[in-house]
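# Understanding the architecture of this molecule
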Amino acid sequence: MTGHHLAQLNVGTLRFPLDDPRMDGFTSMLDPINEVADNWPGFVWRLVGDGGNNATALRTPLGEDVIVNMSVWESREALWDYVYRSGHLDVLRRRAEWFDLPKGPFQVLWWIPAGHIPTVEEALERLERVREHGPSPEAFGFRDEYAPDFVTP
């Protein structure tokens, strides 16, 4: 095990309520895609709600119509492989069916000490940092490459 892991948060503003039939394509894929993530090489942890297999019921200060997805991975490569080399890519390609187009950054990555489980509040602070100041070693996106050198185990 290395001394650091990669945390990620992405948010989406729902086009329709989750129980709307127009969301069936998304909601029907949640459990299978989460199972793929849970078993993907390099997966460490993901946010789930009370008694559920996902966090879609969790609400944040971002709004009642915004859902969050948060997870931790052993490396950037592990997360990249899951996002772009699994069935998750099919869901990603269909994002506009279920979510409003983002008006700014909707994802943030940041390095954490191995064993640390980030809070939603921590993740939202990182997202706000990217939105206000752009990418940095403390908060960045997939297009940015920052080494975890500053993370202390």
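Look above for the structure.
Attention here is on the structure that accompanies the text. (Residues numbered from 1 in each chain as written. Predicted model: local features only at pLDDT ≥ 70, side-chain atom pairs only at ≥ 80, totals over all residues. Heavy atoms only, no water.)

Moving on: helix 2 (residues 76-85). Every buried residue of helix 2 is accounted for by Arg76, Ala78, Leu79, Tyr82 and Val83. The buried residues of helix 2 occupy an angular sector of 165° when projected down its axis, which confines them to one face. Residues of helix 2 that are exposed and point over 90 degrees away from its buried face: Glu77 and Arg85. Summarising the contacts, the buried residues of helix 2 are in contact with strand 1 (4-13), helix 1 (24-38), strand 3 (66-73), helix 3 (88-93) and strand 4 (107-113). (Buried < 20%, exposed > 50% of the residue type's maximum accessible area, 1.4 Å probe, protein only. Helix = DSSP H or I, 4+ residues; strand = E, 2+ residues; numbered from the N terminus. Arc of directions from axis to C-beta. Contact = heavy atoms within 4.5 Å.)

The subject of this paragraph is the sheet that holds strand 4. Reading across the sheet, the four strands line up as 2-3-1-4 and stay open at both edges, with antiparallel pairing between neighbours. Taken across any chain shown, the strands that pair with only one partner, and hence form the sheet edges, are strand 2 (43-46) and strand 4. Taken pair by pair, the neighbouring strands of this sheet meet at an average axis angle of 25°, ignoring direction. Relative to strand 4, strand 1 is paired through seven bridges, and the arrangement is antiparallel. (Pairing = 2+ DSSP bridges. Axes fitted to C-alpha atoms, helices over the stretch in contact; angles between N-to-C directions.)

Quick look at the nonpolar core now. Generally speaking, soluble globular proteins have nonpolar side chains that are buried together. By size, the foremost hydrophobic cluster in this structure holds 23 residues, and its most contacted members are Phe26, Trp73, Leu79 and Trp98. Elements represented by at least two residues in this core include exactly helix 1, strand 3, helix 2 and strand 4. Looking at this core, the element that brings in the most residues is helix 1, giving five residues. Residues Leu47, Val68, Trp110 and Ala139 belong to the second largest nonpolar core, which totals 18 residues. (Core = buried A, V, L, I, M, F, W, Y, C linked by side-chain atoms within 4.5 Å.)

This part takes up the layout of surface pockets. Taken as a whole, the largest pocket spans an internal volume of roughly 940 Å³. Every residue lining the largest pocket is counted, 43 residues in all, and those nearest its centre are Asn10, Asn69, His88, Leu92 and Arg95. Breaking the lining of the largest pocket down by element, the ones donating at least two residues are strand 1, helix 1, strand 2, strand 3, helix 2, helix 3 and helix 4 (95-98). Considering only residue class, the lining of the largest pocket consists of 28 nonpolar, 11 polar and four charged. The calculated volume of the second largest pocket comes to roughly 200 Å³. The wall of the second largest pocket is formed by 14 residues, among which Val11, Thr13, Pro102, Lys103 and Arg131 lie closest to the centre. (1 Å grid on protein atoms, 1.4 Å probe; cavity = no way out; pocket = protein on both sides within 12 Å on 5 of 7 lines; lining within 4 Å. Points joined across faces, edges and corners; volume = space filled by probe spheres on them. Nonpolar A, V, L, I, M, F, W, Y, C, P; charged D, E, K, R; others polar.)

Each aromatic ring pair is characterised by the separation of its centres together with the angle its planes make. Tallied over the full model, the rule gives nine aromatic pairs. Relative to Trp98, the ring of Phe26 lies with its centre 5.7 Å away and its plane at 45°, an arrangement referred to as tilted. Placement of the pair is Phe26 in helix 1 and Trp98 in helix 4, with a sequence separation of 72 residues. Given the relative accessible area of 1%, Trp98 is considered buried. Arranged with centres 5.9 Å apart and planes meeting at 70°, the rings of Trp40 and Tyr82 form a pair that is edge-to-face. Linking Trp40 in the loop between helix 1 and strand 2 with Tyr82 in helix 2, this pair joins segments that are 42 residues apart in sequence. Here Trp40 falls in the partly exposed class, since its relative accessible area comes to 22%. (Phe/Tyr/Trp six-rings, centres within 6.5 Å; stacked < 30°, edge-to-face > 60°.)

Let us look at helix 1. One turn of an α-helix holds 3.6 residues; hence residues three or four places apart share an orientation. Counted at 1.5 Å a residue, the expected span for helix 1 with its 15 residues is 21 Å, and the 22 Å between its end C-alpha atoms agrees. Burial in helix 1 covers these residues: Phe26, Met29, Leu30, Ile33, Asn34 and Ala37. Next to the buried residues of helix 1 lie strand 2, strand 3, helix 2, helix 3 and helix 4. (Expected span 1.5 Å × (residues − 1).)

With that settled, the discussion passes to the side chain of His88. One can find His88 in helix 3. You can call His88 buried: its relative accessible area is 18%.

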